[in-house]
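An overview of the molecular structure
Residue strings, one per chain:
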Amino acid sequence: MQTFTDTPQAPTTQPLGVTPAIRIDSLGKRFGPTGPVVLDNITLTVAPGEFLCLLGASGCGKSTLLTIIAGLEHPTEGTVTVTSGSAAVMFQESALFPWLTAGRNVELALKLRGVPRSQRRAQALELLDLVNLADAAQKRPHELSGGMRQRVALARALAQDRKVLLMDEPFAALDAITRDLLHEELERVWRETGRTIIFVTHNVREAARLGQRVVLMSSRPGRIANEWRIDDTGTRRIESPEVSRLAIEITDQLREEIRRNAA
Ligand SMILES: Nc1ncnc2c1ncn2[C@@H]1O[C@H](COP(=O)(O)OP(=O)(O)OP(=O)(O)O)[C@@H](O)[C@H]1O
């Protein structure tokens, strides 16, 4: 049985003595000197091994925040620290090299990390096995389904061997059943590898299904509006009463945010 804790406007605190995996302090972002403020005063800490879902309406700044954490954009104000150095990123599109097999796509990430050639093949197979795709190592991306391509993309992200994995709507283009399966895969991989994950989505149920914590952002400017912690980290099905209950609560608040923004 899960319990949900709604902590409105809560400062995101860390247990004493634990160094956060990610620390974001008073972060602000605008594009260009005269552009509107996209992100305003975002303060957030993420614990090592935490699975955090970042949720908000389209255009609220979720991807911008993720790209700043990834170091691909700079904040206008405030700071971001990824304690372990840098993070691996996975996007909605798998962005695999079409002329390489699934195995070679993963091997390339290992090569870029400096893994010796003699170890790459075996490590790539291990990673593909982790995402239940060892049988598809010889297939090229066009021979794989969308869900399989995202599994390869996940294996490739894991090949970077970073402690932090940033995921930007990785399953948004998949049908509901495939997405459900990928949720199970991702949860298993997360439990087995202990990665810290920030998972961006505008799908409330997906966030309620996956996250140990769900952080809701407001729009224009993007701020942290609320967060929910899910105490028990046991597996929960997307159609379970617990997920539904939490999703309804979050949706109500998301609607309020959207209405306020439209007013
Ligand atoms: N490179 C850029 N230059 C100028 N404006 C940008 C840039 N990137 C994003 N924006 C603007 O910042 C705002 C937030 O965009 P962002 O893509 O971060 O939102 P989002 O919450 O991820 O949206 P979605 O859920 O639709 O992907 C939008 O108004 C967008 O137009």
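All residue numbers refer to positions counted from 1 along the written sequence of the respective chain. Side-chain atom pairs in this predicted model are given and counted only at pLDDT of 80 or more, local residue features only at pLDDT of at least 70, and totals for whole chains, interfaces and linings cover all residues. Based on all heavy atoms of the structure, the side-chain values leave hydrogens and waters out of the count.

1. Points about the nonpolar core
Membership of the largest hydrophobic core comes to 53 residues, with the highest contact counts inside it found for Leu154, Leu186 and Phe199. Only DSSP runs of H or I reaching four residues or more are called helices, and only runs of E reaching two or more are called strands; each is numbered from the N terminus. When residues of this core are assigned to their parent elements, the largest contribution, 7 residues, is made by helix α4 (residues 146-159). Segmentation into domains, and thus their bounds, comes from an automatic or database assignment. Looking at this core, you find at least three residues from each of domain 1 (33-86 + 168-263) and domain 2 (95-161). Only heavy atoms enter the contact rule, under which two residues are in contact if any of them lie within 4.5 Å. Apart from the residues lying within four places of it in its own chain, the contact partners of Leu154 are Met90, Val131, Leu165, Met167, Leu186 and Val189. Take the buried residues of types Ala, Val, Leu, Ile, Met, Phe, Trp, Tyr and Cys, join any two whose side-chain atoms come within 4.5 Å, and each joined set is a nonpolar core. Only protein chains enter the accessibility calculation, which uses a 1.4 Å probe; a residue whose area is less than 20% of its type maximum is buried, one above 50% is exposed, and one in between is partly exposed. Residues Ile24, Leu44, Leu66 and Ile198 belong to the second largest nonpolar core, which totals 26 residues.

2. A look at helix α3 (residues 117-130)
To estimate how far a helix should reach, multiply one less than its number of residues by 1.5 Å. With 14 residues, α3 extends 20 Å between its outermost C-alpha atoms, agreeing within 8% with the 20 Å of an ideal straight helix rising 1.5 Å per residue. Listed as buried for α3 are Arg120, Ala124, Leu127, Leu128 and Leu130. Down the axis of α3, the buried set is contained in an arc of 145°. They therefore lie on one face. Every exposed residue of α3 that faces more than 90 degrees away from the buried side is listed here: Ser118 and Glu126. With its phi angle positive at about 60°, Asn132 sits one or two positions after the end of α3. Our arc is simply the arc of the directions from the helix axis toward the C-beta atoms.

3. Structural notes on the packing of aromatic side chains
Two aromatic rings, taken as a pair, are described by how far apart their centres are and by the angle between their planes. Two rings belonging to Phe, Tyr or Trp (six-membered ring only in the last case) form a pair when the distance between their centres is within 6.5 Å. Interplanar angles under 30 degrees mark stacking, angles over 60 mark edge-to-face geometry, and anything in between is tilted. For the structure on display, the rule yields 4 aromatic pairs. Here the aromatic rings of Phe51 and Trp190 are separated by 5.4 Å at their centres, their planes lie at 80°, and the arrangement is edge-to-face. Of this pair, Phe51 sits in strand β4 (residues 51-56) while Trp190 sits in helix α5 (residues 176-193); the two residues are 139 residues apart in sequence, bridging distant segments of the chain. One exposure class covers both Phe51 and Trp190, and it is buried. A centroid spacing of 6.1 Å and a plane angle of 40° characterise the contact between Phe51 and Phe199, whose relative ring orientation is tilted. Residue Phe51 is found in strand β4, and its partner Phe199 is found in strand β8 (residues 196-201); the two are separated by 148 residues along the sequence. The pair Phe51 / Phe199 is uniform in exposure class, with both members buried. Here a set of aromatic residues connected by ring pairs shows up, and it is made of Phe51, Phe171, Trp190 and Phe199. Comment: the charge-over-ring label is applied if NZ (Lys) or CZ (Arg) is within 6 Å of the ring centre and within 35 degrees of the ring normal. Positioned over the ring face of Phe31 is Lys29, at 4.9 Å from the centre of the ring.

4. Quick look at the side chain of Arg151
Relative to the helices and strands, Arg151 resides in helix α4. The buried category is assigned to Arg151, whose relative accessible area is 14%. Setting aside anything within four residues of it in sequence, one finds Arg151 in contact with Val131, Leu133, Leu182 and Glu185.

5. Quick notes on the sheet that holds strand β2 (residues 22-30)
Pairing within the open sheet is antiparallel, and its 3 strands lie in the order β3-β2-β5. In the strand order of this sheet, the two ends are held by β3 (37-46) and β5 (77-82), each with one partner. Across the sheet, the mean angle separating the axes of adjacent strands is 20° when strand polarity is ignored. By the convention used here, strands pair only if DSSP detects at least 2 bridges between them. Where β2 lies against β3, 6 bridges are found, and the strand directions are antiparallel. Along β3, the bridge assignment pairs Lys29 with Leu39. Working convention: axes come from line fits to C-alpha atoms, limited for helices to the stretch in contact. Angles between N-to-C directions cover 0 to 180 degrees.

6. Focus on the domain arrangement of the protein
The domain architecture assigned to the protein consists of domain 1 (33-86 + 168-263) and domain 2 (95-161). Here domain 1 and domain 2 have C-alpha centroids that lie 26 Å from each other. Listed as interface residues are 11 residues of domain 1 and, on the opposing side, 10 residues of domain 2. Note: buried area is the sum, over both parts, of the accessible area (probe 1.4 Å) each one loses when the two are combined. Across the domain 1/domain 2 interface, buried area totals approximately 910 Å², and carbon plus sulfur atoms make up 61% of it. Considering only the surface of domain 1 that becomes buried against domain 2, Glu185, Val189 and Arg195 emerge as the three largest contributors, covering 45% of it.

7. With respect to the environment of Ala57
One can find Ala57 in the loop between β4 and α1 (62-69). Note: C-alpha distance between Ala57 and Glu249 (192 residues apart in sequence) is 15 Å. Once residues within four sequence positions are removed from consideration, Ala57 is found in contact with Lys62, Ser219, Leu254 and Ile258.

8. Observations concerning the site of the ligand
Around the ligand sit Phe31, Val38, Ala57, Ser58, Gly59, Cys60, Gly61, Lys62, Ser63, Thr64, Glu169 and His202, and those are all the residues in its vicinity. A 3.5 Å cut-off defines polar contacts: any pair of N or O atoms within that distance qualifies, except that in protein one atom must be a possible hydrogen donor and the other a possible acceptor, and neighbouring residues in sequence count only when both atoms are side-chain atoms. In this structure, an oxygen atom belonging to the ligand sits 2.5 Å away from a side-chain N or O atom of Ser58. At 2.8 Å from an oxygen atom of the ligand is found a side-chain nitrogen or oxygen belonging to Ser63. Surface exposure here means Shrake-Rupley accessible area, sampled with a 1.4 Å probe, where a residue is shielded only by the protein chains that are shown. Protein chains shield 56% of the accessible area of the ligand, which is 630 Å² for the free molecule. When grouped by side-chain class, the residues that make up the shell around the ligand number 4 nonpolar, 6 polar and 2 charged. We define proximity as follows: a residue is near a molecule or strand when any one of its heavy atoms falls within 4 Å of that partner. All amino acids are sorted into three groups, where Ala, Val, Leu, Ile, Met, Phe, Trp, Tyr, Cys and Pro are nonpolar, Asp, Glu, Lys and Arg are charged, and the leftover types, Gly among them, are polar.

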